[in-house]
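Structure at a glance
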Amino acid sequence: MIQIIPISAFEDNYLWLLVHGTYAAVVDPGDAQPVLDYLKQHHLTLCAILCTHHHGDHVGGNRELLRHYQVPVYGPAHENIPGRTHALVDGDIVRLPELALDLTVFDVPGHTAGHVAYYGAESLFCGDTLFACGCGRLFEGTPQTMYQSLSKIASLPDATQIYCAHEYTLDNIRFAKVVEPTNPDLLERERHDQESRANNQPTVPSRLDLEKRTNPFLRSQVPSVIQAAQEYAGHPFTEPWQVFATVRAWKDSLD
Ligand code: ZN
Ligand code: FE
């Protein structure tokens, strides 16, 4: 049985620690020190580093961690990941025997061109692709590319726990309510997640089925979202990715 622990870093990053017995793997260690501190306090040994994409807040701690632990570094084949030992492509399996865990790799380009996600133990580590009630900005991809990546994630089992890399949820919910002001699941989620934040609790992970009911970026085929996007754009759409592109641009215009 694996335990998944959030380590807070910077303003709003979560570095996810996967723990089994005395071993731990870390996903997206943007900073080394909080990871080293946690490992020391809990008498854990690092056995692997996994990165989803090349941004500094996801890989910035790799080199320092490698000075303390000589461990494999997994990362997307098509991005520059410091210390990478295993270049991953879609469909690869990352075997972590110390954790008795295998993770499947998915290509999820859009936020960056080579972004990957890791799936296993009913959990998805998706970096800056899907956020709780939001999605990553399109720095290196087109809306079509990101729409396809999000569709791939949406096809996973409903009970999948979504471990994203930032605590952006309340801000994302604020925007989701602009798109769907009367979505009852969204209003319920707002109450729940506001309470979590008031108690200094993470809102991450969230279940995929909740995302499908509340996240406007997974709802490009839902009539209320299509209608809102068409009203914002001022013309009708024929393809779901056009709805997605419009909602993404709409949020960008408000950020
Ligand atoms: Zn990023
Ligand atoms: Fe990030």
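Starting afresh in each chain, residues are numbered from 1 along the sequence in its written order. Throughout, the order in which chains and ligands are written sets their labels, letters from A for the former and numbers from 1 for the latter. Local features in this predicted model are restricted to residues of pLDDT 70 or higher, and side-chain atom pairs are both shown and tallied only at a pLDDT of 80 or more, whereas totals for entire chains, interfaces and linings draw on every residue. Excluding hydrogens and water, the side-chain values take into account all heavy atoms of the structure.

1. Structural notes on the coordination of the zinc ion (ligand 1)
Here is the rule we go by: Any N, O or S atom lying within 2.8 Å of the metal counts as a donor, with the limit raised to 3.2 Å for Na, K and Ca; because water is left out of the atom set, some sites can appear incomplete. Working rule for geometry: tetrahedral if four donors all subtend angles between 85 and 135 degrees; square planar for four, octahedral for six, if opposite donors exceed 155 degrees and the others stay between 65 and 115; irregular in every other situation. Labels follow the DSSP assignment, with helices taken as runs of H or I lasting at least four residues and strands as runs of E lasting at least two, numbered in each case from the N terminus.
Coordination of the zinc ion (ligand 1) by the protein involves His 53 (NE2), His 55 (ND1), His 111 (NE2) and Asp 128 (OD), with metal-donor separations of 2.2 to 2.3 Å. Given four donor atoms and angles of 88 to 171° at the metal, the environment of the zinc ion (ligand 1) is assigned as irregular. In the primary sequence, the donor residues of the zinc ion (ligand 1) line up as H-x1-H-x55-H-x16-D. In this structure, the zinc ion (ligand 1) is positioned 3.3 Å from the iron ion (ligand 2), and both are ligated by Asp 128. Here His 55 is found in the loop between β4 (45-50) and α2 (56-59), whereas its partner His 111 is found in the loop between β8 (101-107) and β9 (116-120), with 56 residues between them in sequence.

2. Observations regarding the sheet that holds strand β3 (residues 23-27)
How we decide: Following DSSP output, two strands are said to pair if at least two bridges run between them. Lines fitted to the C-alpha atoms define the axes, with helices restricted to the stretch that makes contact. Angles between their N-to-C directions range from 0 to 180 degrees. The contact rule is simple, with two residues in contact once any of their heavy atoms fall within 4.5 Å.
Judged by pairing direction, the sheet is mixed, and its six strands sit side by side in the order β1-β2-β3-β4-β5-β6 without closing on themselves. Two strands lie at the open edges of the sheet, namely β1 (3-9) and β6 (86-88), each paired on one side alone. Direction aside, neighbouring strands of the sheet carry axes that sit 25° apart on average. Sheet analysis places strand β2 (residues 13-20) next to β3, joined by five bridges and oriented antiparallel. Bridged to Val 19 within β3 is Ala 24. Set on the sheet, helix α1 (residues 33-41) makes contact with β1, β2, β3 and β4; between it and β1 the angle comes to about 135°.

3. As for the packing of aromatic side chains
Definition in use: When the centres of two rings from Phe, Tyr and Trp lie within 6.5 Å, Trp using its six-membered ring, the rings pair. Their planes under 30 degrees apart give stacked, over 60 give edge-to-face, and anything left gives tilted. Between buried and exposed lies partly exposed: a residue is buried under 20% and exposed over 50% of the maximum accessible area for its type, with that area taken using a 1.4 Å probe on protein chains only.
Per the stated rule, a full pass over the model turns up ten aromatic pairs. Residues Trp 16 and Tyr 163 carry aromatic rings whose centres are separated by 4.8 Å and whose planes lie at 80° to one another, so their mutual orientation is edge-to-face. Of this pair, Trp 16 sits in strand β2 while Tyr 163 sits in strand β13 (residues 161-164), and the two are 147 residues apart along the sequence. One exposure class covers both Trp 16 and Tyr 163, and it is buried. Relative to Phe 217, the ring of Phe 175 has its centre 6.2 Å away and its plane inclined at 20°; by these criteria the two rings are stacked. Taken together, the positions of Phe 175 in helix α5 (residues 169-179) and Phe 217 in the loop between α7 (208-214) and α8 (223-233) put the pair 42 residues apart, joining distant regions of the chain. The pair formed by Phe 175 and Phe 217 is uniform in burial state, with each residue classed as buried. Aromatic rings pair up to connect Tyr 147, Phe 175, Phe 217, Tyr 232, Phe 244 and Trp 250 into one cluster.

4. A word on unusual backbone geometry
Omega for the bond connecting Val 204 with Pro 205 falls within 30 degrees of zero, at 5°, which places this linkage in the cis form. Looking at the element boundaries, Pro 205 is found in the loop between α6 (184-198) and β14 (206-207). For Phe 10, which is not glycine, the phi dihedral falls at a positive 50°. Within the fold, Phe 10 resides in the loop between β1 and β2. We note that Ala 121 has phi near 50°; this positive angle belongs to a residue other than glycine. Inspection of the secondary structure puts Ala 121 in the loop between β9 and β10 (123-127). By relative accessible area, which is 47% here, Ala 121 ends up partly exposed.

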